[in-house]
Amino acid sequence: MTAIPHPLVTVARRLAADVLAPQAERVDQEGVPASTIKAVKRSGLLGVSAPKEYGGAGAPAAVAREVAEILAGACCSTWFVQTQHHTPVKLLTESRFPVRERLLGPLSRGELMSGIAYAHLRYFPRVAVRAGYERGSWRFDGTVPWYTGWGLNDVMLLAGLSDTDEVVFAFADAREQSGLRASPPMRLAALTAARTVSLELKGLRLPEEAVVLRVPREKFALADLERAANTNPAVFGVAYAALDLLAAHPDATATARSLRTRLDAVRRTAYALTDHRRPQEHMTDRLALKTRAYDLMRTATTAAVVAGGGRSLDLNSPAQRLAREGLFLLVQGQTSDVRDAHLGSLASP
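Keep in mind that what you see is a predicted model, and the values were worked out from it rather than measured.

Criteria and cut-off values
- Residues numbered from 1 in each chain as written.
- Predicted model: local features only at pLDDT ≥ 70, side-chain atom pairs only at ≥ 80, totals over all residues.
- Heavy atoms only, no water.
- Helix = DSSP H or I, 4+ residues; strand = E, 2+ residues; numbered from the N terminus.
- Rg over C-alpha atoms; globule rule 2.2 N^0.38 Å.
- Buried < 20%, exposed > 50% of the residue type's maximum accessible area, 1.4 Å probe, protein only.
- Core = buried A, V, L, I, M, F, W, Y, C linked by side-chain atoms within 4.5 Å.
- Axes fitted to C-alpha atoms, helices over the stretch in contact; angles between N-to-C directions.
- Parallel < 35°, antiparallel > 145°, perpendicular 65-115°, else oblique.
- Left-handed = near helix turned anticlockwise from the far one by under 90°.
- Contact = heavy atoms within 4.5 Å.
- Nonpolar A, V, L, I, M, F, W, Y, C, P; charged D, E, K, R; others polar.
- Salt bridge = Lys/Arg side-chain N within 4 Å of Asp/Glu carboxyl O.
- Phe/Tyr/Trp six-rings, centres within 6.5 Å; stacked < 30°, edge-to-face > 60°.
- Polar contact = N/O pair within 3.5 Å; in protein donor to acceptor, adjacent residues only side chain to side chain.
- Pairing = 2+ DSSP bridges.

> Just to check I follow, could you spell out the overall build of the protein for this structure?
Per the secondary structure count, the protein includes 13 helices and eight strands. Over its C-alpha trace the protein gives a radius of gyration of 20 Å, about what one expects of a compact globule, namely 20 Å for 349 residues. Projecting the C-alpha coordinates of the protein onto the three principal axes gives extents of approximately 70 × 45 × 40 Å. Of all 349 residues assigned to the protein, the portion counted as buried reaches 53%.

> Help me understand helix H5 (residues 76–83) in this model?
In an α-helix, one turn spans 3.6 residues; hence positions three or four apart end up facing the same way. Extensive coverage of H5 is indicated by the burial of seven of its eight residues. Listing the buried residues of H5 in full gives Cys-76, Ser-77, Thr-78, Trp-79, Phe-80, Val-81 and Gln-82.

> Just checking my understanding: could you explain unusual backbone geometry for this structure?
One can expect most non-glycine residues to show negative phi and most peptide bonds to be in trans. The residue after Phe-124, namely Pro-125, is reached through a cis peptide bond having omega 20 degrees. With respect to the helices and strands, the residue Pro-125 is situated in the loop between strand S1 (114–117) and strand S2 (129–134). For Asp-165, which is not glycine, the phi dihedral falls at a positive 65 degrees. Counting through the fold element by element, Asp-165 comes out in the loop between strand S4 (155–161) and strand S5 (166–173). Non-glycine residue Leu-191 carries a positive phi angle of around 65 degrees.

> Please clarify how the nonpolar core should be interpreted in this entry.
It is characteristic of soluble globular proteins that their nonpolar side chains tend to be buried jointly. One finds Trp-79, Phe-236, Met-297 and Leu-329 to be the most contacted residues of the largest nonpolar core, which totals 71 residues. Core analysis: the second largest hydrophobic core is formed by 24 residues, Val-129, Leu-158, Val-197 and Val-211 among them.

> Explain the packing of helix H9 (residues 233–247) against helix H11 (residues 283–308) to me, please; I cannot follow it from the model alone.
Packing of H9 against H11 leaves a shortest axis separation of 8 Å and a crossing angle of 30 degrees. It follows that H9 is roughly parallel to H11 by the angle criterion. Considering the relative orientation of H9 and H11, their crossing is left-handed. In this structure, H9 contributes Val-235, Phe-236, Val-238, Ala-239, Ala-242, Leu-243, Leu-245 and Leu-246 to the contact, and H11 contributes Ala-293, Tyr-294, Met-297, Ala-300, Thr-301, Ala-303, Ala-304 and Ala-307. Among the residues forming the contact of H9 with H11, the class breakdown is 15 nonpolar, one polar and no charged.

> What's the story with the pattern of salt bridges in this structure? I'm lost.
Any two side chains of opposite charge can pair if their charged atoms end up close together. By the definition in use, this model includes 22 salt bridges. Across the salt bridge formed by Arg-205 and Glu-134, the nearest N and O atoms sit 2.5 Å from each other. Note that Arg-205 is positioned in strand S7 (residues 196–207) and Glu-134 in strand S2, a separation of 71 residues in sequence. By relative accessible area, which is 33% here, Arg-205 ends up partly exposed. According to the relative accessible area criterion, Glu-134 is partly exposed, its value standing at 30%. Sharing partners across several salt bridges, the network here consists of Glu-25, Arg-321 and Glu-325.

> For this particular structure, what's the right way to read the packing of aromatic side chains?
The relation between two aromatic rings is expressed through the spacing of the ring centres and the mutual angle of the planes. Scanning all chains against the criterion turns up eight aromatic pairs. Here the aromatic rings of Phe-80 and Phe-328 are separated by 4.8 Å at their centres, their planes lie at 75 degrees, and the arrangement is edge-to-face. In this pair, Phe-80 is assigned in helix H5 and Phe-328 in helix H12 (residues 318–331), connecting sequence segments 248 residues apart. Look at Phe-80 and you get buried, because its relative accessible area is 10%. On the basis of relative accessible area, Phe-328 is assigned to the buried category, the value being 16%. Taking the centre distance of 6.0 Å and the plane angle of 80 degrees together, the rings of Tyr-147 and Trp-150 count as edge-to-face. Owing to a relative accessible area of 0%, Tyr-147 belongs among the buried residues under this scheme.

> Explain the side chain of Thr-192 to me, please; I cannot follow it from the model alone.
In this fold, Thr-192 is placed in the loop between strand S6 (180–182) and S7. What makes Thr-192 buried here is its relative accessible area of 17%. A distance of 2.6 Å separates a polar side-chain atom of Thr-192 from the backbone nitrogen of Leu-188. If near-sequence neighbours (up to four positions away) are discounted, Thr-192 is found in contact with Met-186 and Arg-187.

> What am I meant to see in the pairing of S1 here?
The side chains of a regular strand alternate between the sheet's two faces. With burial as the criterion, each face of S1 is covered, one bearing Ser-114 and Ile-116 and the other bearing Gly-115 and Ala-117. In this structure, S1 lies alongside S4, joined through four bridges in parallel fashion. If you follow Ala-117 over to S4, its bridge partner there is Leu-158.

> Would you take a moment to explain the environment of Thr-148 for this structure?
With respect to the helices, strands and loops of the structure, Thr-148 is situated in strand S3 (residues 137–148). The residues touching Thr-148, leaving out its near neighbours within four places in the chain, are Phe-80, Val-81, Gln-84, Asn-153, Ala-194, Arg-195 and Thr-196. Reaching out from Thr-148, the side chain makes a polar contact with the side chain of Thr-196 at a distance of 2.9 Å.

So this is what it looks like as structure tokens:
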């Protein structure tokens, strides 16, 4: 992994070394603490891609990706909680709705942190959350199957589908209120620490002023498809962290070196296609690289477990934690196209 000279990369490395990595195993078992989220907020990393005029850093995409790799490699649960924040910031930056002036500054400066509740849109034609306009406000009804960061986020970006096949994105306070109830935190094989719940919406009303985007469902689905083809930087972060563990074993240095060379090559090509002027023209290549990155992450985490032997199964071992985090990343943000490409690659001889 090549280091990018940017102040926020330095900040991310310091946060990872001083706060995230030393407590990663404890956090994995006990949950992401509020103190860690406060440290993330103070760091300025929540504004890495936010516009400078609103208090953000306005950093290039390459910087945001490297920050994500560093955080994910140190503590994937913390990375996952804070990564939700960047989509709302992007939507607000591009929005012309009044909510932009109310929330973009606080979110860019890290005064508030946002979660997201819209992955259920990928279930179409099944509609998990319905949005309807009634008497000057939007009413949301249905179930959000996955919401991460409950009890840690300040606000959430919620999406529902209207009767006119329009996706409505609006902000709500991330707390129980009239029309919104959360389940107990889910027990998951990995990233239970990220405090994921489901949300029951029964007549949750949000004012027109809370809306950040309204877009035809087909247009949203096309943009979501293109985004999902990119390799998640967290995949590289977890893979590199596993290779660092592997390299610490004297009898595994050659294996670590070989895997790192292959991972570096996939990373360079994947990011080059992400940054291509017309990335939509390279969907097949991007999906192939995404699945190749999955393969290398899985190999790297497996190698770290193998090198550690029986000690790797101890819950205080970072090798087993990284392996479980890798399993999580295989399905995080998955679309049907990503799943089909991944299954196809696994079936190949």
